[in-house]
Amino acid sequence: MLLQAAALSVLFCSVQSFTVQGPFGNGEEYSGNTVEDDEFSVSTLLEKANVNVGKNFDDPLVMFGDIAVPTDLQNADPCVERGCLWPKATDGNVYVPYRISRDYDERERNTIVEGLRSFAESTCIRFTPLNGQEDFVNIQSRSGCFSFVGRRGRGQVVSLSRRGCVFRQIIQHELLHALGFNHEQTRSDRNEHVRILLENVIPGMESNFRRIETRNLGTPYDYNSVMHYGRFAFSRNRRPTIVPIPDGNVAIGRATQMSATDILRVNRLYQCNSTASRPDLKPVQRNHFL
Ligand SMILES: [Zn+2]
């Protein structure tokens with residue numbers, strides 16, 4: 001109910017062309033990391049798919065590229081300490097009920113289900129078909145790719161538009177938001193690992209690069225996180241907006257699936273290897289989900 005206000009999307013301005021030909025302005029400096037190379041980064045896919053986010057009346061306010069923001073909360077700070085984690089069952093797993101809209105064709109639906117199942121391969125997250133539970137993720141093809149951060153209560157929309165969002169890395173990215181994770185480049189310690197070039201950012205999009213006091217769970221900053229934007233995210237001039245430091249040529253934001261660190265973070269946030277809720281667990285099984 002909170003989401004029905006058709007808030008003006010900050011993404012209106014993100015329309016930009018990636019088809020302009022010609023050499024990249026500072027090509028030598030960033031060889032191998034050109035706009036063209038970046039075409040399939042998570043953030044490029046998100047930007048392209050989210051061009052129309054906010055144009056539909058029932059879309060929530062979307063900020064930070066693809067994070068839906070409740071209209072009673074004007075930021076997307078980490079919520080895990082406010083209780084937005086999904087509950088842990090007595091068997092040690094975290095069951096997250098889902099419903100997938102009938103709007104998808106069979107291939108798209110299969111891709112989404114595979115993306116959901118991928119979490120079970122390496123974490124204790126178990127996406128399971130909705131069966132009467134109150135809280136669930138409601139996967140719909142709205143006007144872009146977006147999700148809330150963490151469990152919001154009741155059916156929370158995870159939008160995976162048929163036009164540009166039904167890819168493994170996007171599905172994992174949006175569901176990691178729903179599990180409580182923010183973008184990697186907004187991490188509390190990001191200034192030690194990347195430089196943000198606001199002068200190259202589309203005017204009005206600067207908030208996408210805001211730093212957040214995240215809980216990093218003792219995990220290292222990860223350029224290969226599926227939650228890391230590419231170097232040209234929200235660029236107004238085909239020049240980088242995110243440059244890794246100290247080595248500016250390191251590839252960033254190219255993940256095609258969850259990284260080992262992404263998986264580690266899920267396991268730590270949800271204490272997947274914890275035996276606390278499984279007093280009967282035999283030692284040999286303890287690391288089953290690691
Ligand atoms: Zn995102």
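See the structure printed just above.
Rules and cut-offs
- Residues numbered from 1 in each chain as written.
- Predicted model: local features only at pLDDT ≥ 70, side-chain atom pairs only at ≥ 80, totals over all residues.
- Heavy atoms only, no water.
- Helix = DSSP H or I, 4+ residues; strand = E, 2+ residues; numbered from the N terminus.
- Buried < 20%, exposed > 50% of the residue type's maximum accessible area, 1.4 Å probe, protein only.
- Disulfide = S-S within 2.5 Å.
- Salt bridge = Lys/Arg side-chain N within 4 Å of Asp/Glu carboxyl O.
- Donors = N, O, S within 2.8 Å, 3.2 Å for Na, K, Ca; no water.
- Phe/Tyr/Trp six-rings, centres within 6.5 Å; stacked < 30°, edge-to-face > 60°.

Visitor: Please provide a residue-by-residue account of unusual backbone geometry, values included.
Guide: Residues apart from glycine generally show negative phi values, whereas peptide bonds are mostly found in trans. Residue Pro246 follows Ile245 across a cis peptide bond; omega there is 5 degrees. With respect to the element layout, Pro246 can be found in the loop between strand 9 (242-244) and helix 4 (260-269). Of note, the phi angle at Phe234 is positive, near 55 degrees, even though the residue is not glycine. As for its placement among the helices and strands, Phe234 is situated in the loop between strand 8 (194-196) and strand 9. On the accessibility criterion, Phe234 (1% relative accessible area) is buried.

Visitor: Help me get a handle on the state of the cysteines, residues and values and all.
Guide: Under the definition given, this model contains 2 disulfides. Paired through a disulfide, Cys124 and Cys272 show a sulfur-sulfur distance of 2.1 Å. Taking the torsion about the sulfur-sulfur bond, which here is approximately -65 degrees, the covalent link between Cys124 and Cys272 counts as left-handed. Remark: Cys272 occurs in the segment after helix 4 and Cys124 occurs in the loop between helix 2 (106-122) and strand 4 (125-129); sequence separation between them is 148 residues. Note on cysteine connectivity: Cys145 is disulfide-linked to Cys165, with sulfurs 2.1 Å apart. The sign of the S-S torsion, about -85 degrees, decides the handedness of the disulfide formed by Cys145 and Cys165: left-handed.

Visitor: Before we move on, can you summarise the pattern of salt bridges with the specific residues and values?
Guide: Between side chains of opposite charge, a pair can form when the charged atoms approach closely. As enumerated under the stated definition, the model contains 9 salt bridges in all. The shortest N-O distance in the salt bridge between Asp135 and Arg151 comes to 3.0 Å. Note that Asp135 is positioned in the loop between strand 4 and strand 5 (136-140) and Arg151 in the loop between strand 6 (145-147) and strand 7 (155-160), a separation of 16 residues in sequence. For Arg187, the salt bridge identified is with Asp189, shortest N-O distance 2.8 Å. Asp189 matches Arg187 in its accessibility class, with the two residues each being buried. Bridged by salt links that share partners, the residues Glu184, Arg187, Asp189, Asp262 and Arg265 form one connected network.

Visitor: Describe the coordination of the zinc ion, listing the residues and the values that go with them.
Guide: Only Asp66 (OD), Asp66 (OD), His173 (NE2), His177 (NE2) and His183 (NE2) from the protein reach the zinc ion as donors, at distances of 2.0 to 2.2 Å. Motif for the zinc ion, donor spacing along one chain: D-x106-H-x3-H-x5-H. Within this pair, whereas Asp66 is found in the loop between strand 1 (61-63) and strand 2 (67-69), its partner His173 is found in helix 3 (residues 168-179), the two being separated by 107 residues in sequence. Across this residue pair, the class does not change: Asp66 and His173 are buried.

Visitor: Go over the packing of aromatic side chains with me, naming the residues and quoting the values.
Guide: The final tally for this structure, using the stated rule, is 4 aromatic pairs. Ring geometry for Tyr221 versus Tyr223: centroids 5.5 Å apart, planes at 70 degrees, classification edge-to-face. When its relative accessible area of 11% is taken as the criterion, Tyr221 is described as buried. Classification of Tyr223 by relative accessible area gives buried; the value is 17%. Ring geometry for Tyr229 and Phe234: centres 6.1 Å apart, planes at 35 degrees, overall tilted. Each member of the pair, Tyr229 together with Phe234, is buried. An aromatic cluster of three or more residues is present, and its members are Phe209, Tyr229 and Phe234.

Don't take any of this as a statement about function, it's just geometry.
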